[in-house]
Amino acid sequence: MASTPLYLDHQATTPVDPRVVDAMLPYFTGHFGNAASRQHAFGWHADDAVETARHQVARLIGARAKEIVFTSGATEAITLALRGAVAARRDRGAHLVTVATEHKAVLDTCLRLSREGCSVTTVPVDGDGRVDVDRFAAALAPDTVVASVMTANNEIGVLHPIAELAKACRARGVWLHTDAVQAAGHVPFDVEALGVDLASFSAHKMYGPKGVGALYVRRSPRVTLEPQTVGGGQEQGLRAGTVNVPGVVGFGAAAAMARESLAAEMPRVAALRDRLLAGLTAALDGVAVSGSLLHRLPHNLHVRFAGVDGEALMTSLADEIAVSSGSACASGSREPSHVMTALGVDVVDRWGAVRFGLGRGTTAADIDRAVTLLAERVTRLRAMAPVSVGGRA
Ligand SMILES: *Cc1c(COP(=O)(O)O)cnc(C)c1O
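To keep things clear, this report deals only with the structure shown in the data block. Keep in mind that what you see is a predicted model, and the values were worked out from it rather than measured. Each chain carries its own residue numbering, running from 1 in the written order of its sequence. Under the rules for a predicted model, residues below a pLDDT of 70 receive no local features and side-chain atom pairs below 80 are neither given nor counted, while totals for whole chains, interfaces and linings still include all residues. Heavy atoms throughout the structure, all of them, feed into the side-chain values; hydrogens and water do not.

Some thoughts on the overall build of the protein chain
Piece 1. Broken down by element type, the protein chain carries 11 helices and 12 strands.
Piece 2. Radius of gyration here is computed from C-alpha atoms only, and the compact-globule reference equals 2.2 Å multiplied by the residue count raised to the power 0.38. A globule of 393 residues ought to have a C-alpha radius of gyration of about 21 Å, and the protein chain, at 22 Å, matches this closely.
Piece 3. Projecting the C-alpha coordinates of the protein chain onto the three principal axes gives extents of approximately 70 × 50 × 35 Å.
Piece 4. Looking at the protein chain residue by residue over its 393 residues, the buried ones come to 54%.
Piece 5. When the accessible surface of the protein chain is totalled, it reaches about 16,300 Å², and 56% of it is carbon and sulfur.
Piece 6. In the protein chain, 39 positive and 39 negative side-chain charges are present, and the distance between their average locations comes to 3 Å. What counts as a helix is a DSSP run of H or I of at least four residues, what counts as a strand is a run of E of at least two, and both are numbered from the N terminus. To sort residues, take the accessible area from a 1.4 Å probe on protein chains only and compare it with the maximum for the residue type: under 20% means buried, over 50% means exposed, and anything in between is partly exposed. Methods summary: accessible areas were calculated by the Shrake-Rupley approach with a probe of 1.4 Å, and residue burial reflects only the protein chains presented. When charges are counted, Lys and Arg contribute as positive and Asp and Glu as negative, whereas His and the chain ends are disregarded. Every charge is mapped onto a representative atom, which is NZ of Lys, CZ of Arg, CG of Asp or CD of Glu.

Quick look at the structure:
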């Protein structure tokens, strides 16, 4: 009998909170105005709603409303941050610094920029998945225009020392962009406490709708970007195009709710995550955690099961539990995840990787069910292919 699988893939996306849906609905119909229409009440009402959402998002991250630029998602925000910085700082140089475990939205943007004549330094991570501050600082040069380091990794949940990295950048006049998609709304994230210059966010990773995100652009000291879309001059001239009013309203509502629930939710999901790891290690041998457990999102666990094919495991679980074999973007291909490669994880081991992303709806009963399922399937797959257990290619 087909029932809905247990969803433990909240790093890929989150369900939209019903209260967020309620907040959005009026902006599809009665209040459908274009926020840029200055001549009538339909436009004024939409514009008011967008400005309320701007304050809500700004408040979640310790920014001023003027520093928030709404976009179609984090991918667009990242593109605007990096390409916009390169184009605005041509007189300084054309060098970028990033990290090996960044999201593809960052890495592929850097790759394209390098084809267009920029130089890019990609700093490696240690076995814990973290970037070393001194190693990062050593990569910064007088012609470095922007550096990009994610706050939390989407596969292994590892948190980077952003405040220290920002200090190193500030001392050298380098702008620091952080992809904060997985951190915002889940752990404390404050642009002033961290000292970042640019930060990207996505609503659908924090119980808001898909297709809306934001870029934080620091006003003091001033960060000036070159827009990457032009036309109507919306979003302070940085992102032309009619604003997605219902989406932005939903993002604002999701940000306000995350701000309220964060303090209680963090220890709750951390306890469930610890219960998951304890359950798996009690039931199975050959379970390894990828990345630092200490410097980590409270709702993420990435484990590798020795001697198990990752895709076979995913297939055997798919009807009952929704997890990921790593990054959603890399699944489907047999390519090893670039994050696992950067960690130096063993070639045989890495195919048994499972990313668990816990969420607001996850209960202790869900965790216990996940442990039972995983233990059963891993044991069965190992019995089918015993030869690779603990083996090396
Ligand atoms: C999901 C994700 C993105 C892309 O966000 P979209 O809004 O879907 O474009 C970027 N970075 C990280 C770390 C992500 O998890």
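Notes on the pairing of strand β3 (residues 95-99)
Piece 1. Buried residues dominate β3, accounting for 5 of its 5 residues.
Piece 2. Of the two faces of β3, the one lined by His95, Val97 and Val99 and the one lined by Leu96 and Thr98 are each fully buried.
Piece 3. Across 5 bridges, the pairing between β3 and strand β4 (residues 119-123) is parallel. Paired with Val97 across the bridge in β4 is Thr121.
Piece 4. Orient the strands so they point away from the viewer; a crossover is then right-handed if the path from the first strand over the helix to the second runs clockwise. Note on the crossover from β3 through helix α4 (residues 104-115) to β4: the handedness is right-handed. DSSP calls a pair of strands paired once it identifies at least 2 bridges connecting them.

Quick word on the packing of helix α8 (residues 245-283) against helix α11 (residues 364-384)
Piece 1. At a closest axis distance of 9 Å, the pairing of α8 and α11 adopts a crossing angle of 25°. It follows from the interaxial angle that α8 and α11 lie roughly parallel. α8 and α11 meet at a crossing whose hand is right-handed. Here Leu272, Arg275, Leu276, Gly279, Leu280 and Ala283 of α8 come into contact with α11, specifically with Ala364, Ile367, Asp368, Ala370, Val371, Leu374 and Ala375. To get an axis, fit a line to the C-alpha atoms, keeping to the stretch in contact for a helix; angles then go from 0 to 180 degrees between the N-to-C directions. Angle categories are assigned with fixed cut-offs, so that under 35 degrees is roughly parallel, over 145 is roughly antiparallel, 65 to 115 is roughly perpendicular, and the rest are oblique. Each helix crossing is assigned a hand: it is left-handed if the near helix lies turned anticlockwise from the far helix by less than a right angle, otherwise right-handed if that turn is clockwise. Contacts are assigned to residue pairs with any non-hydrogen atoms lying within 4.5 Å of each other.

Remarks on the pattern of salt bridges
Piece 1. Salt bridge criterion: a side-chain nitrogen from Lys or Arg within 4 Å of a carboxyl oxygen from Asp or Glu. Per the counting criterion, the structure on display carries 18 salt bridges.
Piece 2. Here Glu265 and Arg268 are joined by a salt bridge, their closest N and O atoms 3.0 Å apart. Placement of the pair is Glu265 and Arg268 together in helix α8, with a separation of 3 residues, close to one helical turn.
Piece 3. Residue classification places Arg268 among the partly exposed residues on the basis of a relative accessible area of 30%.
Piece 4. Here Glu376 ties to Arg377 by a salt bridge, and the two come within 3.0 Å at their closest N and O atoms.
Piece 5. A relative accessible area of 39% places Glu376 in the partly exposed class.
Piece 6. Overlapping salt bridges, with partners in common, bring together Arg170, Glu192, Asp197 and Arg218 in one network.

Observations concerning the site of the ligand
Piece 1. The environment of the ligand is formed by Gly73, Ala74, Thr75, His103, Met150, Asn154, Asp179, Val181, Gln182, Ser202, His204 and Lys205.
Piece 2. Polar contact is defined as a pair of N or O atoms within 3.5 Å, subject to the rule that within protein one atom must be able to donate a hydrogen and the other to accept it, and that residues adjacent in sequence are counted only when both atoms are side-chain atoms. In the model, an oxygen atom of the ligand is placed 2.6 Å from a nitrogen or oxygen of the Thr75 side chain.
Piece 3. The side chain of Gln182 places a nitrogen or oxygen atom 2.6 Å from an oxygen atom of the ligand.
Piece 4. Here the ligand has 380 Å² of accessible area as a free molecule, and 87% of this is covered by the chains.
Piece 5. Its residues assigned to classes, the shell around the ligand shows 3 nonpolar, 7 polar and 2 charged. In this text, near means that some heavy atom of the residue lies within 4 Å of the molecule or strand in question. In this classification, Asp, Glu, Lys and Arg are treated as charged, Ala, Val, Leu, Ile, Met, Phe, Trp, Tyr, Cys and Pro as nonpolar, and every other residue, Gly included, as polar.

Notes on helix α6 (residues 162-172)
Piece 1. Turning to α6, its buried residues number three or more, namely Ile162, Leu165, Ala166, Ala168 and Cys169. Along the axis of α6, the buried residues cluster in a sector spanning 160°; they form a single face. For α6, exposure combined with an orientation more than 90 degrees from the buried face picks out Lys167 and Ala171.
Piece 2. Those residues of α6 hidden inside the fold are in contact with α5 (133-139), β5 (144-148), β6 (175-179) and α7 (191-194).
Piece 3. Just downstream of α6, Gly173 is the residue with a positive phi angle, here 75°. It is the directions from the helix axis to the C-beta atoms that the arc portrays.

A closer look at a nonpolar patch on the surface
Piece 1. On the surface, Val16, Val21, Leu25 and Phe28 cluster together into a nonpolar patch covering about 330 Å² of accessible area.
Piece 2. With respect to the helices and strands, Val21 occurs in helix α1 (residues 18-24). Patch definition: residues above 30% relative accessible area lacking any salt bridge, with like charges linked at up to 9 Å and the nonpolar side chains Val, Leu, Ile, Met, Phe, Trp and Tyr linked at up to 5 Å.

Description of the pairing of strand β7 (residues 198-202)
Piece 1. Counting buried residues along β7, 5 of its 5 residues qualify, which places the element largely inside the surrounding structure.
Piece 2. Burial along β7 is two-sided: Leu198, Ser200 and Ser202 and Ala199 and Phe201, pointing in opposite directions, are all buried.
Piece 3. In terms of strand pairing, β6 meets β7 through 3 bridges, oriented parallel. Along β7, the bridge assignment pairs His177 with Leu198.
Piece 4. Pairing geometry for β7 and strand β8 (residues 213-217), over 5 bridges, is antiparallel. Within β8, the position partnered with Ser202 by the bridge is Gly213.

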